[in-house]
Amino acid sequence: MAKDKLHQNNIVNNNKEPVDFVRRIIAADLAAGKNNGRVHTRWPPEPNGYIHIGHAKTVLLNYWIAKEFGGRFNLRFDDTNPEKESVEYIESIIEDLCWLGVDWEDRLYYASDYFEQLYEWAEKLIQAGKAYICDLSSEEISQYRGKAIQSGDKIITPPGKDSPYRNRSAEENLDLFRRMRAGEFPDGSKTLRAKIDMAHSNLNMRDPIMYRILRTTHHRTGDRWCIYPTYDWTHGQSDSIEGITHSICTLEFENHRPLYDWFLQQLAVFHPQQIEVTRMNLSYTVLSKRKLLQLVEQGCVDGWDDPRMPTLSALRRRGYTPAAIHDFVRRIGVTKSESIVDVALLEHCLRQDLNKHSPRVMGVLAPLKVIITNYPDDRVEYLTAINNPEDVTAGTRNVPFSKVLYIEQEDFMEDPPKKFYRLAPGREVRLRYAYLITCTDVAKDEQGNIKEIYCTYDPATRGGNTPDGRRVKGTLHWVSAPHAIDGEVRLYEHLFKKENPLLVDKGEGWLENLNPNSRIILTDCKLEPSLAEAKPGDRFQFERKGYFCVDIDSERAKPVFNRTVTLRDSWAKLIRREQGKKSDFSRSS
RNA sequence: UAGGGCGUAGCCAAGCGGUAAGGCAACGGCCUUUGGAGCCGUGAUCGAAGGUUCGAGUCCUUCCGCCCUAACCA
């Protein structure tokens, strides 16, 4: 027994990475000779919105499993509700999946491809007395099903009762069904229902709806149909047609599995196995197409690809890499327990990848002018900077240095606190790859705001080295003023203030948890001249500030950068902690 | 309420009767021409209570909590 288990593990995985329950099931099926050793998965998105990071988890799970077991993977659009679906969404989903690196080869399918087959099967069920046409209204059906009733503080679940149309003859049902298809009846006036069991403890088995009348133009089948199959009637059969062996879906479909199985049994066709896994939740955001749509429609964000959104197109625009998402999905695992994954893990995976691959540049986000008083007026030096200390093959570049520079406003303090080891009057710091400078003077305007500062440089420290071995605590990034290019930088924070935005106090809505600082636009940034060449999608690390990606709004004269993610910042953390302490103190006193 | 599912550290998650992996976060420290990166170190008796067993996170019973469904959406 123990040996068997070990053997199963070996099939899927010869390193020590734990194997999840889904892969375990598949390995066991394979070992038992099920499906002739075939593994075939699929991912069935409904094209009714853009896909998000949560979807990335389930597609990758399906795609990877197929690859690992030497099987196949299909992409199938579950397009049975034309009212909500569109080609825009189909196109975006395909684009996002390609970017993610998911490959369905030539197996791109649509549930709507199977409408005719589904219709024939429906007739077959009718003829077998397993389905009937029902004239009950939507509200009546719900009533007959045994809709839960609130009685006092208790909820009562009445048993279902048969529809008065339940015992129509097969002939009558067939006739009515054909006339439904022919368009003889108004929308919503009739449905085709499976004849199962109105007393079943699982509500899904109480004569579920298979077809509804709906005169809506379908994005693929046009006006060919005025009746559309429901999800339950479509899904399992589509899986069966495609020869899917393992149909992986999310937990909320667990209740539907008996129905999934029932239809396939009645039709006596190939029977895939449905396996449910938990859906991903991420902290500080929402992952529900309905809610994301709401954010878009209400203008809370600029669109589906607004870099604050958790959609794949937004993450791509913001600068996320497919590799980071792969790593993240791999790390969170596959289980059935409901969870909210900490977005910090995603950001960790991102930094990990970006650190290895992003060229480093210098950019000053909030500039403060520095004048090197002992530096010759017209002199310009080109100093050598390392492009990526994590990657020697990335080489070096030359950065211009001159008498007037910009440094970050926050890197200078007139009256610095204890652990601040950047620039202050009388203090010496290093300008990265350049010189050590000492602040000698501060110029202010009438309001007392610091206008510019004056420093001297030590010519012996070219490149940032100290021949005498003296040490400086701080190293600052900088940009030569006459050489700098202007740029716009968009800083992003979490879209929501709360870890779980859906947790709201009574009388409040989740939209009130939106973070008002989720986007801050800086328009007066000074960037090193090499950035003039940057193209949309290019990624960089701005030294000491974070990872940035050129936005599609960029223009040659004025590049726009999205902050993908900050660097880990122990100084910022220290400050936050201090402030936290202070505010705690003031609150309690 | 009925049916289905879940409950291992702040967050994920291994564990499959033999005495609690790993990652993220957090907190210390080392190192550092990014307060970056890297390196080292620090934490749980497993929802609760009973029971079976030489031995239980793992088996049984009861209880508690949370989630899903109750759509002619998927």
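The present account deals with the structure reproduced in this document. Computed from a predicted structure; not experimentally measured.

**A short note on the pattern of salt bridges**
And then number 1: Going through the model one piece at a time under the given rule, you end up with 52 salt bridges.
And then number 2: Ionic pairing is found between Arg42 and Asp239, a salt bridge with its closest N-O pair at 3.7 Å. One end of the pair, Arg42, is in strand β1 (residues 40-43); the other, Asp239, is in helix α8 (residues 231-241), and 197 residues separate them in sequence. For the residue pair Arg42 and Asp239, the accessibility class agrees, reading buried in each case.
And then number 3: A salt bridge links Arg76 to Asp239; its shortest N-O distance comes to 2.7 Å. With Arg76 in strand β2 (residues 72-77) and Asp239 in helix α8, the pair connects residues that are 163 residues apart, well separated along the chain.
And then number 4: A relative accessible area of 0% places Asp239 in the buried class.

**Things to note about the protein's contact with RNA strand B**
And then number 1: Close contacts around RNA strand B come from 68 residues, with Arg24, Thr157, Arg212, Gly463 and Ser570 the closest.
And then number 2: Here a phosphate oxygen of RNA strand B and a side-chain polar atom of Arg577 are 3.2 Å apart.
And then number 3: Listing elements by their share of the surface near RNA strand B, those giving two or more residues are α6 (138-145), β8 (209-213), α12 (322-332), α13 (343-357) and α14 (570-588).
And then number 4: No other element matches the five residues that α13 contributes to the surface near RNA strand B.
And then number 5: Here the residues of the surface near RNA strand B are counted per class, giving 20 nonpolar, 24 polar and 24 charged.

**With respect to the sheet that holds β2**
And then number 1: Across the sheet, three strands lie side by side as β1-β2-β3; this open sheet has parallel pairing. Strand pairing shows two members of the sheet lacking a second neighbour, β1 and β3 (108-110), which therefore form its edges. Going across the sheet, the axis of each strand differs from the next one's by a mean of 35°, ignoring polarity.
And then number 2: Sheet topology note: the β1/β2 ladder contains four bridges and is parallel. Counterpart to Thr41 in the pairing with β2 is Phe73.
And then number 3: Its contacts with the sheet place helix α4 (residues 87-100) against β1, β2 and β3, and it is angled at close to 155° to β2.

**Section: the nonpolar core**
And then number 1: Among the nonpolar cores identified, the biggest contains 39 residues, and Leu97, Val102, Leu282, Ile325 and Phe328 are the most heavily contacted of them.
And then number 2: Of all the elements in the fold, those that place two or more residues in this core are α3 (53-68), β2, α4, α11 (312-318), α12 and α13.
And then number 3: Top contributing element to this core by residue count: α3, with seven residues.
And then number 4: Ignoring any residue separated from it by four or fewer positions in sequence, one finds Ile325 in contact with Ile53, Ala56, Trp99, Leu100, Leu312 and Leu315.
And then number 5: Counting 32 residues, the second-largest nonpolar core is a separate cluster that includes Tyr114, Ala131, Met205 and Ile227.

**Details of the packing of α8 against helix α9 (residues 257-267)**
And then number 1: The contact between α8 and α9 brings their axes to 9 Å, and the two run at 60°. Regarding the angle of α8 to α9, the classification is oblique. Crossing handedness for the pair α8 and α9: right-handed. Contact with α8, carried on its side by Asp232, Trp233, His235, Gly236, Gln237, Asp239 and Ser240, involves Leu259, Tyr260, Phe263, Leu264 and Leu267 of α9 and no other residues of that element.
And then number 2: In the contact of α8 with α9, the residues fall into six nonpolar, four polar and two charged.

**As for the packing of aromatic side chains**
And then number 1: For the structure on display, the rule yields 23 aromatic pairs.
And then number 2: For the ring pair Tyr50 and Trp304, a centre distance of 5.1 Å and an interplane angle of 15° mean the geometry is stacked. With Tyr50 in the loop between β1 and α3 and Trp304 in the loop between α10 (289-297) and α11, this residue pair connects regions lying 254 residues apart in the sequence.
And then number 3: Judged by centre distance (5.3 Å) and plane angle (80°), the rings of Phe401 and Trp478 are edge-to-face. Of this pair, Phe401 sits in strand β16 (residues 396-401) while Trp478 sits in the loop between β21 (475-476) and β22 (479-480), and the two are 77 residues apart along the sequence. Each member of the pair, Phe401 together with Trp478, is buried.

**Here's the deal with unusual backbone geometry**
And then number 1: The residue Asn35 is not glycine, and still its phi comes out positive at about 55°.
And then number 2: With respect to the helices and strands, the residue Asn35 is situated in the loop between α2 (21-31) and β1.
And then number 3: When its relative accessible area of 15% is taken as the criterion, Asn35 is described as buried.
And then number 4: Positive phi is not limited to glycine here, since Glu105 has a value of about 50°.
And then number 5: Mapping Glu105 onto the fold places it in the loop between α4 and β3.
And then number 6: Judged by relative accessible area, Glu105 falls into the exposed class, the value being 56%.

Thresholds applied
Residue positions within a chain follow its written sequence, with the count starting from 1. Ligands are numbered from 1 and chains lettered from A, in the order in which they are written. Under the rules for a predicted model, residues below a pLDDT of 70 receive no local features and side-chain atom pairs below 80 are neither given nor counted, while totals for whole chains, interfaces and linings still include all residues. Only hydrogens and water are removed before side-chain values are computed, so all heavy atoms of the structure are retained for them. Each reported salt bridge corresponds to a side-chain nitrogen of Lys or Arg within 4 Å of a carboxyl oxygen of Asp or Glu. The secondary structure listing takes helices from DSSP runs of H or I that are at least 4 residues long and strands from runs of E that are at least 2 residues long, numbered from the N terminus. Buried residues are those whose accessible area, probed at 1.4 Å on protein chains only, stays under 20% of the maximum for their type, while exposed residues exceed 50% and partly exposed ones sit between those limits. In this text, near means that some heavy atom of the residue lies within 4 Å of the molecule or strand in question. Any pair of nitrogen or oxygen atoms within 3.5 Å is treated as a polar contact; in protein, a donor-acceptor pairing is required on top of that, and neighbouring residues in sequence qualify only through side-chain atoms on both sides. For this classification, the nonpolar set comprises Ala, Val, Leu, Ile, Met, Phe, Trp, Tyr, Cys and Pro, the charged set comprises Asp, Glu, Lys and Arg, and every other residue, Gly included, is treated as polar. One requirement defines pairing of two strands: DSSP has to find at least two bridges between them. Only C-alpha atoms enter the line fits that serve as axes; for helices the fit covers just the stretch in contact. Angles between N-to-C directions range over 0 to 180 degrees. Any pair of residues with heavy atoms lying within 4.5 Å of one another is described as a contacting pair. In this description, a nonpolar core means a group of buried Ala, Val, Leu, Ile, Met, Phe, Trp, Tyr and Cys residues linked to one another through side-chain atoms lying within 4.5 Å. The labels follow the angle: roughly parallel below 35 degrees, roughly antiparallel above 145, roughly perpendicular from 65 to 115, and oblique for the rest. Handedness of a helix crossing follows the sense of rotation of the near helix relative to the far helix, less than a right angle counterclockwise being left-handed and clockwise being right-handed. Note on aromatic contacts: the rings of Phe and Tyr and the six-membered ring of Trp form a pair at centre separations within 6.5 Å, being stacked when their planes are under 30 degrees apart, edge-to-face when over 60 apart, and tilted otherwise.

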